[in-house]
Amino acid sequence: PKERPKTPAAKLSPASQALVNQAQAQRKKGDLPGATVTLDRALRIEPMNPLLWIEMGRLRMDQRNYPQAENMGRKALSMSVGDDRTQAAAWQLIADSLRARGKNVQAQQALEKSKALLPH
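A brief look at the structure comes next.

Thresholds, definitions, all that
Residues numbered from 1 in each chain as written. Predicted model: local features only at pLDDT ≥ 70, side-chain atom pairs only at ≥ 80, totals over all residues. Heavy atoms only, no water. Core = buried A, V, L, I, M, F, W, Y, C linked by side-chain atoms within 4.5 Å. Buried < 20%, exposed > 50% of the residue type's maximum accessible area, 1.4 Å probe, protein only. Helix = DSSP H or I, 4+ residues; strand = E, 2+ residues; numbered from the N terminus. Contact = heavy atoms within 4.5 Å.

### Considerations on the nonpolar core
Next up, step 1: Formed by 26 residues in total, the largest nonpolar core has its most connected members in Leu39, Met56, Leu59, Trp91, Ile94 and Ala110.
Next up, step 2: Looking at this core, the elements with two or more residues in it are helix H1 (14-28), helix H2 (32-45), helix H3 (50-62), helix H4 (66-79), helix H5 (84-100) and helix H6 (104-117).
Next up, step 3: Sorting elements by how many residues they give to this core places H5 first, with six residues.
Next up, step 4: Setting aside its immediate chain neighbours within four residues, Ile94 contacts Glu70, Gly73, Arg74, Leu77 and Ala110.

Dropping the structure here:
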C-alpha cells in the first residue's frame with residue numbers, strides 16, 4: 001500500500017492555546033456555558049484548526065450532546081488528513097459519542113481506527 005503523505009501535527013496558536021486552557025478550567029468547575037463561549041472565541045481565531053473542533057466535541061460530550069460531539073469529531077477528521085495523532089483523537093471522540101448512544105458496534109470500529117493511527 002502506498003504511504004499517505006504525512007502532514008505536520010496540528011498545533012494551536014498561542015492565543016487559541018490560552019483560550020483552550022481557560023475553557024478547560026471552566027469545564028473542570030462545571031461552567032459548561034462559559035467554556036462554550038471561550039471555545040467559540042478560539043474557533044473564531046482558528047476556524048480550520050481540528051484540535052479546536054475536538055476540544056469543542058469533548059465539551060459537547062460533557063453536555064450530553066452526543067450527536068453534535070460526533071459531528072465535531074468528523075469535522076476534525078476531515079481537517080486533519082495525514083495528521084495521524086489528530087485523526088486518532090478525532091476517531092476517539094467519535095467512538096465515545098457513539099458508545100454514549102449505545103451504538104457499540106460502530107463505537108468499536110471507530111476505536112479500532114483510532115488505535116490503528118497511533119504508533120505501537
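### So, unusual backbone geometry
Next up, step 1: Despite not being glycine, Arg64 shows a phi value in the positive range, around 60 degrees.
Next up, step 2: Within the fold, Arg64 resides in the loop between H3 and H4.
Next up, step 3: For Arg64, a relative accessible area of 63% translates into the label exposed.

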